[in-house]
Amino acid sequence: MYDLLLKSAKLVSGEICDIAIHNSKILEINKNINRDNFKEIIELKGNKYVSAGWIDLHTHSYTGLELYSDNPDEIGLKSGVTTVVDTGTAGALNIEDFYNLSGQYKTNVYAFLNISKTGIVQQNELSDLNNIDLELIKSSIEKYPDFIIGLKARMSKSVVGDNGILPLKLALKAKAENNHIPLMVHIGTKPPEIEEILSLLGKNDILTHCYHGKENGLFDKEGAPKKELLSALDRGLHLDVGHGKESFSFRVAEQGKKAQIKPHSISTDIYFRNRINGPVFNMATTLSKFLYLGYSLAELIPLVTINPAKAINLAKKGRLEKDMDADITIFTITDEEVELIDSLGTVIKGDKKVIPLAVVLKGEYIDLEEVRL
Ligand code: ZN
Ligand code: ZN
């Protein structure tokens, strides 16, 4: 007997297939798989889409530090997200605690290690260069190679204090010393200048908050992409949304779309405050915002599945294919008016709403109606 059969799954392409799952892996995707050999069968009738499990590349899911944190299952499986990546809440001094906590959740949890050994205990973790200890970074990555999937450097004025671009140079040194592990760089208010940041980034670098609405962003006043951005993209820079309380502007996202500067991944930068009070709420709401911006579903789903998986080298995730991990998101899109708000307080009315219904996580079918009760 095999574990689970999803009957009549509607793929994002519109094609209808059955998906067989066994031992937490996808066994087969095919038309009309015989029902006889399965312990559990789920009938997916109606307008229910099935995709690889959503991956949120920018979250704060280390509950050991209070400033930015949330419960991985709250922002993860209950929101249709099967993998949450914490981006730099923990540094070398607290990564062990985070690693130990992460095992108690059903949602897959991974970490970008903050280059500051303190993590985000306070807002200004890179204002003291003594916090960047390259030896400690190396030993942490060696100790948790399957948990730490990258490094994080927050490069904006409130974080770096008087240190300007220096923390980024040290982050790149740490990256080079550790097999070119991916580096996620947060951008915001200067200094450092965005042009200087971009000139240092390329392959295996992920820039988050790509559509923030502050000054020092990726576009000039007329909405044209800065030339340093175009060069960095040519070198392989990955653009990530990282919505957050302060870092997503409809105006800038529209400029991006018009200039064909689209994100490689859509992430939320979620933690308990911006989940409960907005403007983030959850991944599905973030996806609804991109439907409003005119992205198609077929364009959006790779930005929360295969693209983030590739960016952090999760070879068994992000694709709905035989032998991949059986992490799956089942969702629907309703035609209804929906009020959406960005980080600047701009409210728009969309006409489509993304609603997660269920997930398959490590092979287990979980109905979200039931976990929300
Ligand atoms: Zn940030
Ligand atoms: Zn963040």
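Along every chain, residues carry numbers that run from 1 in the direction the sequence is written. Written order determines the labels here, with chains lettered from A and ligands numbered from 1. In keeping with the model being predicted, local features are shown solely for residues with a pLDDT of at least 70 and side-chain atom pairs are shown and tallied solely at 80 or more, while totals for entire chains, interfaces and linings include all residues. Note: side-chain values were computed over all heavy atoms of the structure, leaving out hydrogens and water.

A few points about the domain arrangement of the protein chain
- Note that the domain bounds were set by an automatic or database domain assignment. Annotation of the protein chain at the domain level lists domain 1 (1-45) and domain 2 (54-311).
- For domain 1 and domain 2, the distance between their C-alpha centres works out to 34 Å.

Overview of the pattern of salt bridges
- Just to be clear on terms, a salt bridge is a Lys or Arg side-chain nitrogen sitting within 4 Å of an Asp or Glu carboxyl oxygen. Scanning the model with the defined rule gives 22 salt bridges in all.
- For Asp205, the salt bridge goes to Lys175, with nearest N and O atoms at 2.8 Å. Of the two residues, Asp205 sits in strand β11 (residues 205-208) while Lys175 sits in helix α5 (residues 166-177), which places them 30 residues apart along the sequence.
- Exposure categories follow from relative accessible area, calculated using a 1.4 Å probe and restricted to protein chains: below 20% of the type maximum is buried, above 50% is exposed, and the middle band is partly exposed. Judged by its relative accessible area of 3%, Asp205 falls in the buried class.
- Measuring nitrogen to oxygen at the nearest pair gives 3.1 Å for the salt bridge that ties Arg319 to Glu321.
- Overall, Arg319 belongs to the partly exposed group, its relative accessible area being 31%. Numbering goes from the N terminus for both helices and strands, where a helix is a DSSP run of H or I of at least four residues and a strand is a run of E of at least two.

Focus on the coordination of the zinc ion (ligand 2)
- Protein coordination of the zinc ion (ligand 2) is provided by His58 (NE2), His60 (NE2) and Asp269 (OD), with donor distances spanning 2.1 to 2.2 Å.
- Ligating atoms shown are N, O and S within 2.8 Å of the metal, or 3.2 Å for Na, K and Ca, and water is not included, meaning a site may look less than complete. Donor residues for the zinc ion (ligand 2) sit on one chain with the sequence pattern H-x1-H-x208-D.
- A separation of 3.7 Å is found between the zinc ion (ligand 2) and the zinc ion (ligand 1). Residue His58 is located in strand β6 (residues 54-59), and its partner Asp269 is located in the loop between α8 (250-258) and α9 (272-276); the two are separated by 211 residues in the primary sequence.
- By relative accessible area, which is 1% here, His58 ends up buried.

Comments concerning the coordination of the zinc ion (ligand 1)
- Summarising the metal site, the zinc ion (ligand 1) is bound by the protein donors His186 (ND1) and His209 (NE2), whose distances to it range over 2.0 to 2.1 Å.
- By relative accessible area, His209 is classed as buried at 2%.

Thoughts on the side chain of Asp342
- Topologically, Asp342 is positioned in the loop between β14 (338-341) and β15 (347-350).
- One buried charged residue, Asp342, remains without a salt bridge, the closest side chain of opposite sign being Lys289 at 7.4 Å.
- What qualifies as a polar contact is a pair of N or O atoms within 3.5 Å, subject to a donor-acceptor requirement within protein and to the restriction that residues adjacent in sequence count only when both atoms come from side chains. Of note is the side chain of Asp342, whose polar atom sits 2.9 Å from the backbone nitrogen of Phe250.
- Contacts were defined at the residue level, with two residues in contact if any of their heavy atoms lie within 4.5 Å. Apart from the residues lying within four places of it in its own chain, the contact partners of Asp342 are His243, Phe248, Ser249, Phe250 and Pro279. His residues and chain termini do not enter the charge count, which takes Lys and Arg as positive and Asp and Glu as negative.

Some remarks on the sheet that holds strand β10 (residues 183-187)
- With parallel pairing, the seven strands of this open sheet are ordered in space as β6-β7-β8-β9-β10-β11-β12. Edge positions in the open sheet fall to β6 and β12 (238-240), since each of these has one partner strand only. Ignoring strand direction, the axes of neighbouring strands in this sheet form an average angle of 25°.
- Only when DSSP finds a minimum of two bridges between them are two strands counted as paired. Across four bridges, the pairing between β6 and strand β7 (residues 81-87) is parallel. What sits directly across from Asp56, in β7, is Val84.
- Docked against the sheet, helix α3 (residues 134-143) engages β8 (108-114) and β9 (148-155), running at close to 150° with respect to β9.
- The angle between two axes is taken between their N-to-C directions and runs from 0 to 180 degrees, where each axis is a line fitted to C-alpha atoms and a helix contributes only its stretch in contact. Its contacts with the sheet put α5 on β9, β10 and β11, and the angle it makes with β9 is roughly 165°.

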